[in-house]
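# Coordinate analysis (summary)
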Amino acid sequence: MSGADGPRRLVILGSTGSIGLSALEVVRRYRDRFEVVALGARANADMLAAQAVEFHAGYAALADRDAARRLRAAVPGVEVLDGPEGLEALAAIEADVVLCAMVGAAGLQPVLRAIDAGNALALANKEPVVMAGRLIMERAARRGVRVLPVDSEHNAIFQCIQGHPKEGVRCIHLTASGGPFYGRPRAALREVTPEQAARHPTWNMGAKISVDSATLMNKGLEIIEAMWLFDMPARKIEVVIHPQSVVHGLVEFNDGHILAHLGVTDMKSPILFALTYPERVASPMDRLNLAALSELSFAAPDFEAFPCLAYARQAAAAGGTAPAILNAANEEAVTAFCAHRIPFLSISDVVGEVFDTCAPGPDRDLESVLAADAAARQCARIAVETISMRV
Ligand SMILES: NC(=O)c1ccc[n+]([C@@H]2O[C@H](COP(=O)([O-])OP(=O)(O)OC[C@H]3O[C@@H](n4cnc5c(N)ncnc54)[C@H](OP(=O)(O)O)[C@@H]3O)[C@@H](O)[C@H]2O)c1
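Residues numbered from 1 in each chain as written. Predicted model: local features only at pLDDT ≥ 70, side-chain atom pairs only at ≥ 80, totals over all residues. Heavy atoms only, no water.

### Observations concerning the overall build of the chain
- On a plain count of helices and strands, the chain comes out with 15 helices and 11 strands.
- Taken over the C-alpha trace, the chain has a radius of gyration of 20 Å; the compact-globule value for 391 residues is 21 Å, and the two agree within 12%.
- When the backbone C-alpha atoms are referred to their principal axes, the chain occupies close to 55 × 50 × 40 Å.
- Relative to its full complement of 391 residues, the chain shows a buried share of 56%.
- In the chain, of all internal contacts separated by at least 6 residues, the share reaching a separation of at least 24 is 69%.
- Accessible surface, the chain as shown: approximately 16,500 Å² in total, 51% of it carbon and sulfur.
- With 37 positive and 45 negative side-chain charges, the chain shows a separation of 1 Å between the mean positions of the two kinds. (Helix = DSSP H or I, 4+ residues; strand = E, 2+ residues; numbered from the N terminus. Rg over C-alpha atoms; globule rule 2.2 N^0.38 Å. Buried < 20%, exposed > 50% of the residue type's maximum accessible area, 1.4 Å probe, protein only. Contact = heavy atoms within 4.5 Å. Areas by Shrake-Rupley, 256 points an atom, 1.4 Å probe, with all protein chains shown as cover. Lys, Arg positive; Asp, Glu negative; His and termini not counted. Charge placed at Lys NZ, Arg CZ, Asp CG, Glu CD.)

In structure tokens:
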């Protein structure tokens, strides 16, 4: 292991996405602290080639095999792997930190492989934790692997909760900007396009998480993510709308004290924290200008206008494979919405229908989780088909 006495060796999965690009920007600013050993993505061969050359990565992988062939031809000095198993192999390379910044369920196997290999995880990819939080956290604990949250809210909670016994925590408050449609009644969201849904007021993110933020499913997924990362029951995790996105998370203790985390709305900040933990590295990012903050407001979420949040709460309370079912239904519905196949409001209809149809079972092993995921996707595709024929 290097780390303390040399540069930290990084594997970045999803390096061509929003989080991946921010992570590489962090690496650019701290060249002497990091060594990029491997980079992976889905199909963006051109960008991955440029990254592999710039950061001298020894290994690269693309899930799409044709794209991997093109990458191989473009960077002959780099060992290029392909397919989902190529990404898994990258996760298992000996490294100090694996940053998982892929989107969706595809990150699950790489996350598990990284843990099995004993690599510390910086986790942006929330869907695997939603699907299989128990398996991931139990496996990480057994293997003694550190799981550091990159998601800004969870990174904030992680910082606030350090050094405090869990028993003293009354609840965790996750803040939500409210997304681009905050304050609008459900009826006003009928004609929303994928382009409008992707226009987040405070964060610049990938397509899927932007749509999830617009439906508030993102906050629902984050409730489940927080349950596992902080070993808290769902009833101890609250959501509060905070449109300015300055307070990223709060921890309330039994004696009424609340610790809040404030920071800039720049994902490079939690990424830097996770990649350099436990150091506190001088940040080149803009500082939060407290004197210029005119307002910090908080409000309760509207569960009626945003039913996805209510479904996520139900899934969190039900436990077992219910969160995996929720996640699969949502992934399918968001893909269909982004392809203009179903309207915005139908995303929650699909999730609700799958939720009513697929009965959850125990999440005792990976096979149970994957079976629940596959059944829910099948059911969601039927629901999408039915809706798309109607509209
Ligand atoms: N963006 C944020 O600010 C933010 C904040 C908190 C948490 N997160 C979480 O971080 C994750 C990434 O979000 P993002 O906004 O960075 O997404 P994004 O911009 O869409 O990027 C996704 C990345 O994953 C890769 N990818 C997609 N499917 C893949 C597959 N099947 N196999 C391998 N790689 C695959 C993409 O490669 P290609 O480019 O080749 O398609 C891309 O590199 C999500 O789980 C999200 O919820 C994001």
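The rest of the description comes next.
### A short note on unusual backbone geometry
- Residue Pro-278 is bonded to the preceding Tyr-277 through a cis peptide linkage, with omega at 5°.
- Considering the arrangement of structural elements, one finds Pro-278 in the loop between α11 (268-276) and α12 (307-318).
- The backbone of His-56 sits at a positive phi, close to 55°, despite the residue not being glycine.
- Assessed through its relative accessible area of 68%, His-56 is described here as exposed.
- For Ser-245, which is not glycine, the phi dihedral falls at a positive 50°.
- Looking at where Ser-245 falls in the secondary structure, it is placed in the loop between β9 (237-241) and β10 (247-253).

### A look at the side chain of Thr-215
- Among the structural elements, Thr-215 can be located in helix α9 (residues 207-215).
- Among all residues touching Thr-215, those that are not within four sequence positions of it are Phe-306, Cys-308, Phe-344 and Ile-347.

### Some details on the domain arrangement of the chain
- Domain assignment breaks the chain into domain 1 (8-150), domain 2 (151-265 + 289-302) and domain 3 (319-391).
- Taken together, the 18 residues of domain 2 in the interface contact 17 residues of domain 3.
- Contact with domain 3 buries area across many residues of domain 2, yet Arg-186, Pro-194 and Met-217 alone supply 34% of it, more than any other trio.
- Taken together, the links from domain 2 to domain 3 amount to 0 salt bridges.
- Along the contact surface separating domain 2 from domain 3 lie 3 residue pairs in polar contact (both at pLDDT 80 or more).
- Of all elements in the fold, only α8 (194-197), α9 and α10 (217-230) reach the threshold of two or more residues within the side of domain 2 that touches domain 3.
- For the side of domain 2 that touches domain 3, the element with the highest residue contribution is α9, accounting for 5 residues.
- Per-class residue counts for the side of domain 2 that touches domain 3 are 11 nonpolar, 2 polar and 5 charged. (Domains from an automatic or database assignment. Buried area = accessible area lost by both parts, 1.4 Å probe. Salt bridge = Lys/Arg side-chain N within 4 Å of Asp/Glu carboxyl O. Polar contact = N/O pair within 3.5 Å; in protein donor to acceptor, adjacent residues only side chain to side chain. Nonpolar A, V, L, I, M, F, W, Y, C, P; charged D, E, K, R; others polar.)

### Section: the sheet that holds β9
- The strand order across the open sheet built from 4 strands is β9-β8-β10-β11, with neighbouring strands paired in mixed fashion. Each edge of the sheet is formed by a strand with only one pairing partner; in this case those strands are β9 and β11 (258-262). Neighbour to neighbour, the strand axes of the sheet diverge by 20° on average, direction disregarded.
- Pairing geometry for strand β8 (residues 169-176) and β9, over 5 bridges, is parallel. From the neighbouring strand, Thr-175 faces β9, where its bridge partner is Val-240.
- Helix α7 (residues 152-161) contacts β8, β10 and β11 of the sheet and is inclined by roughly 40° relative to β10. (Pairing = 2+ DSSP bridges. Axes fitted to C-alpha atoms, helices over the stretch in contact; angles between N-to-C directions.)

### Some remarks on the packing of aromatic side chains
- All told, the structure shown has 6 aromatic pairs when counted by the stated rule.
- Ring geometry for Phe-158 and Phe-273: centres 6.1 Å apart, planes at 75°, overall edge-to-face. Pair noted here: Phe-158 is in helix α7 and Phe-273 is in helix α11, with a separation of 115 residues, a long-range link.
- Residue Phe-273 is classed as buried on the basis of its relative accessible area of 9%.
- The structure contains a cluster of three or more aromatic residues connected by ring pairs, namely Phe-158, Phe-273 and Tyr-277. (Phe/Tyr/Trp six-rings, centres within 6.5 Å; stacked < 30°, edge-to-face > 60°.)

### Notes on the site of the ligand
- Near the ligand, the surroundings consist of 25 residues, among which Thr-16, Ala-43, Glu-127, Asp-151 and Gly-206 are the closest.
- One of the side-chain nitrogen or oxygen atoms of Thr-16 is found 2.6 Å away from an oxygen atom of the ligand.
- A distance of 3.0 Å separates an oxygen atom of the ligand from a polar side-chain atom of Arg-42.
- Of the residues assigned to the shell around the ligand, the class counts are 13 nonpolar, 8 polar and 4 charged.
- If you count residues domain by domain, the shell around the ligand takes at least three from each of domain 1 (8-150) and domain 2 (151-265 + 289-302). (Near = heavy atom within 4 Å.)

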